[in-house]
Amino acid sequence: MHDIRFIRENPAAFDTGLKKRNLAPLSAELLEIDRRRRAAISESEAAQAKRKALSRQIGIAKGKGEAAEALMAEVAALEASLKKGEAEAAALDSELTHRLEVLPNLPFDDVPDGTDETGNVEIRRVGSQRNFGFTPKDHVALGEATGEMDFAAAGKMSGARFVVLRKHLARLERALAQFMLDLHTSEEGGYTEINPPFLVRDKAAYGVGQLPRFAEDMFHTDNGFWLIPTAEVPLTNLVNDMVLEEKQLPQRFTAWTPCFRSEAGAAGKDTRGMIRQHQFPKVELVSITTPEQSAAEHERMTGRAEEVLKRLDLPFRTIVLCGGDMGPASRKTYDIEVWLPGQNAYREISSCSNCGDYQARRMNARYRPKEGPRGSKGGTRFVHTLNGSGLAVGRTLIAVLENYQNEDGSVTIPEVLRSYMGGLAAIPAPAAQ
RNA sequence: GGACAGGUGGCCGAGUGGUUUAAGGCACACGCUUGGAAAGCGUGCGUGGUGUAACAGCCACCGCGGGUUCGAAUCCCGCCCUGUCCGCCA
């Protein structure tokens, strides 16, 4: 959701931002709607003021026992133009809102230009790819060999794009999530652990920008709930319709939840294995900040997600998405991609976005500044919201399997996970199970 | 799921169709008073929109959305939420 006042005051900057999204300039068109809207509001309010004054006089006259027919006739004469004015103002106001709410957020100036993922820019590469000395298998081959990763069993009850994990792999997934949560909620991490609802109403999905745009990608229940496609939805909505004090910011939330995505449009992509599932676990990070804090918080959040991979000793690279590849709510997005030797490729394992005030405006999430610059009037400003995966747990499991595999099909457990695995040093080879 | 009772500003709370232009109190801010403080007194104190160079002014908002009316916090309808009781349930 965009601020029409910002567009009024910075039409060129607005159009420049749209251009980075590969969209045509719109400020002139939007400002013309705004001009008509404001004229209609002024007219309608003047008529309302007149009616209010007359109604009060009717009340006074009746109180004194005087006749009020003349006054009532005067109001009746106003009626038609009043209704028309109100309807016109409301129509123009909702037209403007509808136009503004479907537009994507404006990328920051330092976001690279581009129309698709080929425009993304790698900014760092951390860790070194292991030299195996044999041909590494992918996670499907590794997991199915022991029977601990069972797509057939899941298929029988739920169909494609689901998986059943058993025994060591089931526990490994839980271990990874625990490890991540413990890291993020440590003093160094600074996040507060949240256990949120997995079903939300329209309003919450609208607030983060999932609705109306991504209705098709979400599962919907027949009594009106949406299954969360990411914990970003409930975590960010924790501040929905709130006015926070500046000293309460930044607020940092983390949650381990299942995520549900129907992703009808992605059918055919990554059909093999656990890369793309209808249901997957993810540890999410969300920060609520002042506008001044958000850029630094974005770097910090990305760093905390990277820290998980560093401690797991998994090689990765971090890229900054170009204007054409970012999600609509974002002003700047870093993707972290983990090395998967079984696929011989880097694959996305985290996406960290600074959404500026885009979601806050939709959710009406504000704060009261201690001092200094205020909003147009009043004493509140919209907060900034950020979200990032820290990390996608299912894909982290894949990464551990593929990077820590041994030639016999056993998988070494990374040091930092062993305490979560009851001291287990390796998942045994299929032959040994 | 059913029945009943509720939802008013940061908080408490009055308000059953018209001087409500939301009383009063608490808290908070500033001032007066004081040796200093408390008390007392005075003033201020919501959000959004519109408007203005900036003020002023104007409009809307009493859980949310509709409706009735010249006029709605107040009456009617739908929904959300809270409380109590009942039912069901891990």
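The rules we used
Residue positions are counted from 1 within each chain, in the order its sequence is given. Here every chain gets a letter starting at A, and every ligand a number starting at 1, in the order they are written. Reporting of local features is limited, given that this is a predicted model, to residues whose pLDDT is at least 70; pairs of side-chain atoms are given and counted only at 80 or more, and all residues count toward the totals for whole chains, interfaces and linings. The basis for every side-chain value is the complete set of heavy atoms in the structure, and neither hydrogens nor water enter the calculation. Domain ranges listed in this record stem from an automatic or a database domain assignment. A 1.4 Å probe defines the accessible area here, and the buried area is the portion of it lost by two parts on being joined, summed over both. Any Lys or Arg side-chain nitrogen located within 4 Å of an Asp or Glu carboxyl oxygen qualifies as a salt bridge. Here a helix means four or more residues in a row that DSSP labels H or I, a strand means two or more in a row labelled E, and each is numbered from the N terminus. In this scheme, strands are said to pair when DSSP sees at least two bridges between them. In this description, contact between two residues means that some pair of their heavy atoms is separated by no more than 4.5 Å. Every axis corresponds to a line fitted to the C-alpha atoms, with the helix fit spanning only the stretch in contact, and the corresponding angles, defined between N-to-C directions, vary from 0 to 180 degrees.

Caption draft 1: Seen up close, the domain arrangement of chain A. Partitioning chain A into structural domains gives domain 1 (4–101) and domain 2 (117–432). Spacing between the C-alpha centres of domain 1 and domain 2 amounts to 44 Å. A combined buried area of about 560 Å² lies between domain 1 and domain 2, and 31% of that area is made up of carbon and sulfur atoms. The largest share of the area that domain 1 buries against domain 2 comes from R5, R21 and E101, three residues that together contribute 83% of it.

Caption draft 2: Up close: the pattern of salt bridges. Evaluation of the coordinates by the stated rule reveals 28 salt bridges. A salt bridge links D34 to R8; the shortest N-O distance between them is 2.9 Å. Here D34 is found in helix α3 (residues 27–63), whereas its partner R8 is found in helix α1 (residues 4–9), with 26 residues between them in sequence. In this structure, K332 engages D110 in a salt bridge whose closest nitrogen and oxygen atoms are separated by 2.9 Å. Pair noted here: K332 is in strand β11 (residues 332–340) and D110 is in the loop between α4 (69–101) and β1 (121–126), with a separation of 222 residues, a long-range link. What you see here is one network of salt bridges that share partners, running through R8, D34, R37, R38 and D93.

Caption draft 3: Just the sheet that holds strand β8 (residues 251–260), in detail. Taken in spatial order, the eight strands of this open sheet run β1-β10-β11-β12-β15-β9-β8-β4, and their pairing is mixed. Among the strands making up the open sheet, the edge pair consists of β1 and β4 (192–193). Where strand β9 (residues 279–289) lies against strand β15 (residues 384–392), seven bridges are found, and the strand directions are antiparallel. Of the residues in β15, the one forming a bridge with T289 is H384. The sheet strands contacting helix α7 (residues 167–185) are β4, β8, β9 and β15, and the helix crosses β8 at an angle near 165 degrees. Contacting β8, β9, β11, β12 (345–354) and β15, helix α12 (residues 393–403) crosses the sheet at an angle of about 35 degrees to β15.

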